[in-house]
Every structure is written in C-alpha cells, then in structure tokens.
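Structure at a glance
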Amino acid sequence: MAVEEQRAGSRVSRPENRLVRRGFTDPARAVRLLEGPGLEGLADDPLLLDALGATADPDLALLGLARLLEAADPADRHTLRDTLTTSKPLRDRLLGVLGVSTALGDHLARHPHDWHVLVTFELRDMHPGPEDFRRALAEGLRDGDLSPANALRVAYRRCLLAIAARDLTGTTDLAQTAAELADLAGATLQTALDLAAEQDPQAAAACRLAVIGMGKCGGRELNYVSDVDVVFVAEPREGVAEQEAIKAATRLAAALTRLCADTTGEGTIWPVDANLRPEGRNGPLVRTLASHLAYYQRWAKTWEFQALLKARPVAGDAELGAAYVEALAPMVWQAAARDNFVADVQQMRRRVIDSIPATELDRQLKLGPGGLRDVEFSVQLLQLVHGRTDPALRSGNTLEALAALSRGGYVGRADAVSLDTAYRFLRSLEHRIQLYRLRRTHLMPTAAEDLRRLARSLAALINDDTRADPMAALQREWKRHAMEVRRLHEKLFYRPLLDAVAELPPGATGLTPDAARARLEALGYADPAAALRHISALASGVSRKAAIQRTLLPVLLGWFAESADPDAGLLNFRQVSDALGRTPWYLRLLRDESAAAEQLARVLSAGRLAPDLLLRAPEAVAMLGDPQGLEPRGRAALEGEILAAVGRAGSAAAAVAAARSVRRRELFRTAAADVLGRLGECPAEALDTAGEALTALNAATLQGALRACVAGWEAEHGDLPTRIAVIAMGRFGGHELGYGSDADVLFVHEPLLGSLEEEAARAAQAVCNELRTLLGAPSTEPPLLVDADLRPEGRSGPLARTLASYAAYYRRWSHAWESQALLRAEPVAGDEELGTRFRQLIDPLRYPGDGVPERDLVEIRRIKARIEAERLPRGADPTTHTKIGRGGLADVEWTVQLLQLRHGHEVPALRTTRTRAALAAAVEGGLVCAEDAEVLDTAWVLASRVRAAVMLVRGRPGDSFPGEARELAGVARYLGYGSGHSGELLDDYRRATRRARAVVDRLFYGYE
C-alpha cells in the first residue's frame, strides 16, 4: 500500500516538476490552469510549455492566456488555440506580452478579439508610422458599441499591444519602439482633436490650431506610460477676430486634453501636459505665433529654450506647426550665448536631483545620479553649445543627437558607444517596469517577483549569466550602466577640451580649437585662449603626471566651471601642479582621493586668499587628503607647535619667521574649511568657529613671537628686567577675528623685583617694537599687523606701560570711549598672572557699579554719530558698507556695548568680550526682546560673513561689496547664492541691515 501511495504521489508531482524546470514559481496553480476551461488538451503540448517557460513570468503569461481563452467566444477561442499551436510568431508575441504586462492581459480579457492585431505584425521589416496609427484609431472609432471617447481608448490600447509585442520579441529595437510610441501619441492627439472639432464645429471653423509635441513626444522617444508634453499655437481663420479665434482654439485644446485624460469607462490614455507653454500653468493655454515669439524674445529662461530643442508638430494644422518650429529655432540655437547658460543648465540638473526624496534616490532610473536625465542633459548641453554652428547636431532625439555628436568629433567614439548602450539599457528597463501595470513610474521595484520578471525579460541585454541568480545579475548590470553614465556625464563636456590641445591616443575626439574656445566661453571662462594654454601644459606629454592630469582634468574643469571664476581656478591648479607635479604623494592624492581632488578644485576657484596661501607652500594640499585635515586646531596644539619651532631657531628673526610659517599654513586650513562649508552646520556657527580658530592662531603666534623677541633681547643684553603681557582688544579680544583683521593689542609690563623702572620700560619697549616689526615685515608669509593704537594717549603714548601706569591713567584721564573699548580686552599672551591682574584692574571701568552717567551716554552717542558722518569712505554706499554703514557691524556692536556698560554690573552674563554672547545675555536678562535681538544678530552675522567673503575672494580686506562682477559673484557663491543671483544678495543685505538700523535707533539712540 505504501509503495502504491508513493507511485501516486510521483505521478502528481511529475507535471509540476516539468513546470518548475521551465521557470514556473507556482506549479500547482499552473497545473490547475492548464487543466481548466480553454486550455483543455494543451497541458502536454511541449511547444506551448516551452514558449511559456521562455517568457519573463511564466505564471503571469499562463494566467493571462487562460483569462483570454475563457473570455473569447467559442469560435474565436478555437481559432486562437489553432494559431497558438501552429504559428510560432503569434505564440511568442502573445505570450511575451502576457508574461510582462498584467495591464495588457487585463485589456485582452476585456476585449478578447484584440489578439488578432498581433497577426497583422508578422513581417519583421514592417514599421508602422503616424498614418498607420491614425487609420487604426479611425477604425476603432467605428465600434458602435462604445462612445467615441471609450472607442478611442480601446483602439489606443490595441495599438499599444501591437507595439509591445514587437518590442518584447525583438522585432524592433528601443529607438524604433520609442518612435512608434511617439507616433501613436501624435495620431491619438490628432484623432482626439478631430473628435473635439466634430463636437464643436463652430470652434473648428474659427481657428487654425497646431499641437506641438515637446519632451519625449517631440523627440520621438516616448515611454509606454508618460505625460505627453505639448504646446498649443493657434491663428484665426480669415475674417475671424484674434480674440474670438483664441477662445475657440482654447475650447478645442481643452476638449482634446479631456478626451485623452478622462478616467471614466476604459480609463486614461495619458495626461496631456501643457505646462511647458510660456508662463507655465499660469499662462494662457493657447497663444498665437506672434504671442509665442514675443514671450521667448523677452521673457524666456534658459531651460525653456532647452525644452524647445525637442519641439515638433504632431497634430493639427501642419503648416502652422512648421511655422512655429521655424520661427523659434534660431532662438533655440543661440541660447548658449546667454549669460550663465551652462551654469543655469547645470543648476537645473542639480535642482532635479535635490528634489528627489531620499528614500527614492537609489531607485530612480530617470532623475537620479547616473540616470536617464544625466544622458539627456549631457547631450542637450553639447547640442546647444555646438549646434549654433553645426546644423547636423539639431535633432530632438537623444540617440540621434548622440550619434551626430560622435560623427562631428564632439564626443569620443568609445564614449558615444558606451553612453548609447547604457541609455538603451536604462530606457528598456524603464519600459519593462512601466509595461507591467501601464503606470507612469521611474522607480526600480524592490519585490523579488518584480525583479525576477525584469531580469528574465531583459536577459538579452544583461552582460552576465542570469540563470543562476537573475535578480543579482539585473542589479549588477543596472549599477554598472548607472556608474558609466555618471562617469560620462561628468566627463563629456570637458574631455574633448583636452583632446583639442593635448597629445592623446587614437579614438579621441576631433574638437577644433574654435569649437574648444566656444565650449570654454559657454562654461564661463573669460579668457578661453589662456585656458586652452593651461590645459595643454597640464595634459600634454607622456609623463606620469600628464597621464594622471588627463584623467582628472575633465572633472576638474567642470568643478572650476561651477565657480564664479573658472579661469582663476584653472590657473591656480596649473601653478600648484607645476610646483608639486613631480612629488609622488601629490600624484597619488590626485589619482586615488577623488574627494581631495574635488576639494582642491573648489578651494582653488573660490577666490584669491586660500590659493595665495597654498601657492606659498603647496605641500599644504596634503591636508585635503586627510579626513580630519581641515578640522580647526585648538590654542594648546598651535602654541605647542609654534613654541617648538621658535625654540629650534637660531635668532629672533628666524624664530618669528617659523611662527609665521605655521600661521600661514593654519590660515589656509581655516580658509579652505570655510570655503568648503566644513566649519559649521549653519552660517552663524561657521562664523563663530572661524573667529575662534583665527583668534587662537593669532594668540599662539603672538606667544611664539614674544618668546622669540625676549630670547633675542636676552641673548644680547642678559635677563629681561620685566614681565610682559599682551592684551587683545577689539575683534581680537572678542574672538571675532576675520581673515584680514589686524591684531589690536595693549602691552602691559611689570619690572622684576630689584629692576630699575626706566631700564624695564626700555626693555619692554624694545621687545614689543621688535615683535611688531618682525610679525609685519615683508615676507613670503602673510604679515600679522599688530596695532597698539588703542593704548592710553594713542600713538603719542608709550607702547608698553606698567600696570601702575595704566591704573593712574584710567583713574585720572580715562574717557567713556576707552571704557567702551576695554569691554573687549582679554589677555592672550605673555605673563598670565600679569594679564589676570590687568583684567581685575579694568573690570570696574568697563562694568561701572552705577552704570553709565548721562554725560558719558551723550558722549558715546555723539562719537558714534560723528563716526557715521565723517569716517564713511568717500563714495561708499551707506546701505552696503558692512562696518560703518546703516545697520552694519558698528551699529550692532555699539548697541550691545552700551547695554554692557549700563547693565554689566548687575547682569553677570553680560561680562563677555563676545558680541553675540552679550546679545544673548541681554535677552536672557530682559534688557532686549528676542525679536529685536534676532534682527541685530542676523545683520551682524551677515555683515561679518560678507567681510569674510570679500577677503576670501579678493585676497585683501574690504568693508564694501566688490564692484567687479566676478568678485561680487564669488562673494555671493560663498554666501550660498547661485550663479546670477548677486542682486538677491544685495537686496537681502539691505533688508536685514535696514531692519537692524531701526532697532539701533530705538535701543542706542533712544528714538521712538
């Protein structure tokens, strides 16, 4: 009995095993379907089973076939069964569709007779065009059982079924399939327009209406499921007023749109999207040709001309459509001459990537990095730049344009082949994903059954063995193509520039010098001839250095082009490479550390300060290759290094030179980190971090220089008879130094026990003078200008005073402004105990117990008003001068300092040298409302950042916005404004400082 049961089980499992071997994942259900209605007698047909097993999803194909046979009437079912068993072409086409698309399977179940359309596409060389599709749609409209709208939908699906069958069986390639889809879309638009005209003959009689295909429809490269982008243009017929004709055309266009997008009955064909029209969705749906021309001549943005590259008449009045394209074409091919053209196109691409949700970024076939849009943007950018002079490039089709770019030498042959292959794979993958449910999507699915179906349907395109693990093979192939697209996207626009001037191997492009100059001009290079010379010097030759730079330069040129001054970036890179080109670690850094190379490019093209610092000692490039290389160093570490260098030097001059060398390197570290946005999460945090870093650096430098000068004095005269402390003042004491700030200080000394006061004073004077001289002396290192003009009696007073002398002066002669200046005094170098005692001396002066007397308050306000009136440089705009201008640094700082003078004795938190900390303490103490404080803080931070940007960009300090356009653009870039938005920066600055001035008038001057 047991043996018999085992044999019975074996008989049951044998059919299922055969199905498993053919790729079925649910053999039990497959057996039931094969034994069910419609498929009787076919369960053992090896040809049918093999055909099912060859589909992308045998289970889905069998289910679709069972539903079709069940829905067909008896006579048609018999015909289909016979054809399935005798005609391999039909069998492959029908099952190929059913194994990929559940949506088309649903269509066949609703309209079973439509399988006959597959028989009419047996000839491999038959390529249906727009007229063929129009006839097919017209025949469908004669179906009296459906409304015209639903009949159009059914006829459209029938045509789609035929296109998909040819596609899935390899009868057509991707380009032909996309072209057929676009032709079907055009035929559908024409048929819908004809229906709209029948429904509204009065409107049809009043106007001529042309439908212009845009995007993929215009380029004859449409997806299976996509919005169909169009623009409507109309003209009145003879004797009809223009306004009346536009109203009539609008009715026709709206009716056409409804016919295609209506979701009743047989469902949507696809949405008609007219948002690429002038003014987008806010503009009129239909315009005359003259109105279109007026808009594009006056108002259109760069991206709108890029969109017009694919414009093609697809329906309606053919003559009017041709006139539209002919009239606008000259503007399209001059778009590359517009200011910031390449920057605008690249910025639009970045915005697209930034708009992708983080959860979708790694699944985006179209918009993500390495996706279809990267190919399209690269090709369109090259077309628009070189199509001005080469009409052969003026195709709206991506693959045709890519081939033309290769023939013309604008893209290397190998790169063009690689990009063509990747584009075809990605588009085919997108098509297969959309075919499943006929839904508009560009996301890679995550479900295992979806990935398996995709992998099997694309097996012929996958350069891998899909039999063992089809899903893994698909993922590998997708990632390989995406990486290749991303690499070529970054390279395509720049690599040919090298080919034009460098000695490259066979297979390189043939870009002429004139074309290379045109491309550099489009990229924003102001001196293309000089740029080409730099490229030639860097990339020519057979050295290892040239080979590495040939690989890197295409990407570097792109990074330089994204800056406000690409010429400076390229020149700086050449100078650094000339200095370090034979250094092995430099070449390894460029070759192996892509992040370091990008950081170097950003730094070299961001302004003059960081490159100037780097070029004085190019070995500092190494810190860009260290993950922690740009982190600011603390005071202790800096001081330890500087003092060690000072101790090794043989003279005071050599010791201070060593300290200045360390300072130069650390200035570069901070400036580079600032340019790269590595100093903080927000602008205020980055500003505070930079201020702290620069303060610590200058304090450590002063400490080292003081030690060196004391040692030098003692080497000549013996032990120094006094102790010296250095007191930081101004922005130095406030830890708010900028890159171009002087070091404002006071020098205080105290004679040692038994020393003569006069001797001690002479020694202190000599040491402090030597310190200032050596730190500010001309050198290859940037100077540190030590300014002691805030000392008692100013320049007329002694450079260094004893503590007792300071006490006597402040007790007898001190003015209100001096108490105000002392608010930022802080010991930073020299004898710590003496510095602490100096702080104890001045605290009662800067935080007076009774607040500020009325006469001092009047005096402070008078001095401030006088500064505003007399010290603003001639010709300076008071609305944009960051220091003395209205709402600028002085306004905010004097307001905060007045609060400290008046309330510092009663609010301990106000006793700080830092402006922003004091302002926060004033809010906490109830002295200023939070809203006013935020206004002041915003203006102060913005003004401080503008000053930092000016120094970084120009390489020299300035309190006003630069007048030169490139420098202003560089300042705007540093502050986060995109290309061409410098005006917005000025507007935002004036707005912020205007609001701050209103608060200053109330809090400082007492105006209501």
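Here, residues in each chain are numbered from 1, in the same order as that chain's written sequence. Selection of residues for local features in this predicted model requires a pLDDT of at least 70, selection of side-chain atom pairs for listing and counting requires 80 or more, and totals for whole chains, interfaces and linings are taken over all residues. Heavy atoms from the whole structure form the basis of all side-chain values; hydrogens and water molecules are not counted.

**Some points on the overall build of the chain**
The numbering of helices and of strands both runs from the N terminus, where a helix is a DSSP run of H or I of at least 4 residues and a strand a run of E of at least 2. For the chain, the count of helices and strands is 44 helices and 10 strands. Relative to a compact globule of 1008 residues, whose C-alpha radius of gyration would be 30 Å, the chain shows 38 Å and is clearly more extended. Only protein chains enter the accessibility calculation, which uses a 1.4 Å probe; a residue is then buried when its area is under 20% of its type maximum, exposed when over 50%, and partly exposed in between. Relative to its 1008 residues, the chain shows a buried fraction of 56%. Here the analysis covers contacts within the chain between residues at least 6 apart in sequence; of these, 73% occur between residues at least 24 apart. Throughout, the Shrake-Rupley method with a 1.4 Å probe supplies accessible areas, and for residues the shown protein chains are the sole cover considered. Summing over all exposed atoms, the chain offers an accessible surface of approximately 42700 Å²; the carbon and sulfur share of this is 50%. We score Asp and Glu as negative and Lys and Arg as positive, and we do not count His or the chain ends. Lysine's charge is taken at NZ, arginine's at CZ, aspartate's at CG and glutamate's at CD. Computed over 126 positive and 135 negative side-chain charges, the inter-centroid distance for the chain is 2 Å. Each radius of gyration reported is based on C-alpha atoms, and the globular scaling rule is 2.2 Å times the count of residues to the power 0.38. Note on contacts: a residue pair is in contact if any heavy atoms of the two residues lie within 4.5 Å.

**Structural notes on the nonpolar core**
Think of a nonpolar core as a cluster: buried Ala, Val, Leu, Ile, Met, Phe, Trp, Tyr and Cys residues, connected wherever their side-chain atoms sit within 4.5 Å. One finds Phe573, Leu702 and Phe747 to be the most contacted residues of the largest nonpolar core, which totals 149 residues. Among the elements that make up this core, the one with the highest residue count is helix α33 (residues 683-717) (16 residues). Beyond its immediate sequence surroundings of up to four residues, Phe573 is in contact with Leu538, Gln549, Leu553, Leu556, Phe560, Tyr586, Leu590, Leu600 and Leu604. Counting 89 residues, the second-largest nonpolar core is a separate cluster that includes Ala30, Leu193, Leu252 and Leu259.

**A look at the pattern of salt bridges**
One speaks of a salt bridge when a side-chain nitrogen belonging to Lys or Arg is within 4 Å of a carboxyl oxygen belonging to Asp or Glu. Across all of its chains, the model carries 63 salt bridges by this definition. The partner of Arg427 in a salt bridge is Glu430, with the nearest N and O atoms 3.2 Å apart. Here Arg427 pairs with Glu430, and both are found in helix α20 (residues 413-437), just three residues apart, close to one helical turn. Across this residue pair, the class does not change: Arg427 and Glu430 are buried. Measuring nitrogen to oxygen at the nearest pair gives 3.2 Å for the salt bridge that ties Arg997 to Glu868. Of this pair, Arg997 sits in helix α44 (residues 982-1003) while Glu868 is found in helix α39 (residues 854-870), placing the two residues 129 residues apart along the sequence. Classification of Glu868 as partly exposed rests on a relative accessible area of 22%.

**Structural notes on the side chain of Thr670**
On the secondary structure map, Thr670 appears in helix α32 (residues 652-675). A relative accessible area of 7% means that Thr670 is categorised as buried.

**Some words on helix α42 (residues 930-954)**
Multiplying one less than the number of residues by 1.5 Å gives the expected span of a helix. Its 25 residues give α42 an end-to-end C-alpha distance of 36 Å, which sits within 8% of 36 Å, the value for a rise of 1.5 Å per residue. Within α42, 20 of the 25 residues are buried, leaving the element largely enclosed by the surrounding structure.

**Overview of the environment of Ser291**
Structurally, Ser291 is set in helix α14 (residues 289-298). Judged by its relative accessible area of 24%, Ser291 is partly exposed. Ser291 sits 276 residues away from Asp567 along the chain, and the two C-alpha atoms are 40 Å apart. At a separation of 2.8 Å, a polar atom in the side chain of Ser291 contacts the side chain of Arg287. As used in this structure description, the phrase polar contact means that two N or O atoms lie within 3.5 Å; if the pair is within protein, one of them must be able to donate a hydrogen and the other to accept it, and residues adjacent in sequence are counted only when both atoms belong to side chains.

**A word on the packing of aromatic side chains**
By convention, a stacked pair of Phe, Tyr or Trp rings (six-membered ring in the case of Trp) has centres within 6.5 Å and planes under 30 degrees apart, an edge-to-face pair has planes over 60 apart, and any other such pair is tilted. In the structure shown here, the tally under the stated rule is 11 aromatic pairs. Centroid distance Tyr806 to Phe838: 5.2 Å. Interplanar angle 80°. Geometry classified as edge-to-face. Of the two residues, Tyr806 sits in helix α36 (residues 803-812) while Phe838 sits in helix α38 (residues 832-846), which places them 32 residues apart along the sequence. Using a relative accessible area of 1% as the deciding quantity, one classes Tyr806 as buried. Since its relative accessible area comes to 0%, Phe838 is described here as buried. One aromatic cluster is present, formed by Tyr806, Tyr809, Tyr810 and Phe838 through successive ring pairs. Note on geometry: a ring has a charge over it if NZ (lysine) or CZ (arginine) is within 6 Å of the ring centre and within 35 degrees of the ring normal. Above the plane of the ring of Tyr436 lies Arg453, whose end atom (NZ or CZ) is 3.6 Å from the centre.

**Section: the pairing of strand β2 (residues 228-236)**
Within β2, seven of the nine residues are buried, which leaves it mostly tucked inside the rest of the structure. We call two strands paired when DSSP finds no fewer than two bridges between them. Inspection of the sheet shows strand β1 (residues 207-213) paired to β2 by seven bridges, in the antiparallel sense. By the bridge assignment, Val211 is partnered in β2 with Phe232. Pairing geometry for β2 and strand β3 (residues 272-273), over two bridges, is parallel. Bridged to Val228 within β3 is Val272. Bridging between β2 and strand β4 (residues 286-287) involves two bridges; their strand directions are parallel. Across the sheet, residue Phe232 finds its bridge partner in β4, namely Val286.

**As for the environment of Ala459**
Position of Ala459 among the secondary structure elements: in the loop between α21 (448-457) and α22 (470-491). Owing to a relative accessible area of 32%, Ala459 belongs among the partly exposed residues under this scheme. Note: C-alpha distance between Ala459 and Leu474 (15 residues apart in sequence) is 8.4 Å.

**Here we look at the side chain of Asn223**
Counting through the fold element by element, Asn223 comes out in the loop between α12 (215-218) and β2. Looking at Asn223, the relative accessible area reads 3%, which means it is buried. Separated by 2.7 Å, the side chains of Asn223 and Arg427 make a polar contact. Not counting residues up to four positions away in its chain, the partners in contact with Asn223 are Leu181, Lys216, Arg427, Glu430, His431, Gln434 and His442.

**Concerning the packing of α33 against α42**
Relative orientation of the contacting elements α33 and α42 amounts to 60°, with a least axis distance of 10 Å. Judged on the interaxial angle alone, α42 and α33 are oblique. Regarding α33 and α42, the two cross each other, and that crossing is left-handed. Across the interface between the two elements, Pro683, Ala684 and Leu687 from α33 touch Trp940, Val941, Ser944 and Arg945 from α42. Under the scheme applied here, ten amino acids are nonpolar (Ala, Val, Leu, Ile, Met, Phe, Trp, Tyr, Cys and Pro), four are charged (Asp, Glu, Lys and Arg), and all others, including Gly, are polar. Partitioning the contact of α33 with α42 into residue classes produces five nonpolar, one polar and one charged. Fitted lines through C-alpha atoms give the axes, limited to the stretch in contact for helices. The angle between two N-to-C directions lies from 0 to 180 degrees. An angle counts as roughly parallel when it lies under 35 degrees, as roughly antiparallel when it exceeds 145, as roughly perpendicular when it falls between 65 and 115, and as oblique in every other case. Crossings are sorted by hand: turned counterclockwise from the far helix by less than a right angle, the near helix makes the crossing left-handed, and turned clockwise it makes it right-handed.

**Some details on the packing of helix α25 (residues 528-539) against helix α27 (residues 566-580)**
Running from N to C, α25 and α27 point in directions that differ by 25°, and their axes come no closer than 10 Å. By the angle class used here, α25 and α27 are roughly parallel. The handedness of the crossing between α25 and α27 comes out as left-handed. The residues of α27 that touch α25, namely those facing Ala531, Arg533, His534, Ile535, Ala537 and Leu538, are Leu570, Leu571, Phe573, Arg574 and Ser577.

**Section: the state of the cysteines**
Disulfides are defined as cysteine sulfur pairs within 2.5 Å. For the structure shown, the criterion picks out zero disulfides. Of all cysteine sulfurs, the one in Cys260 lies closest to Cys207, which takes part in no disulfide; the gap is 17 Å.

**Describing the confidence of the model for the chain**
The predictor reports its confidence for every residue as pLDDT, a score running from 0 up to 100. Averaged over all residues, the pLDDT of the chain is 89; the fraction at 70 or higher stands at 95%. Taken as a whole, residues 1-12 scores under 50 in pLDDT and shows zero contacts with residues more than four places along the chain or in a different chain. Every residue in residues 502-509 is under pLDDT 50, and counting partners more than four places away or in other chains gives 18 contacts.

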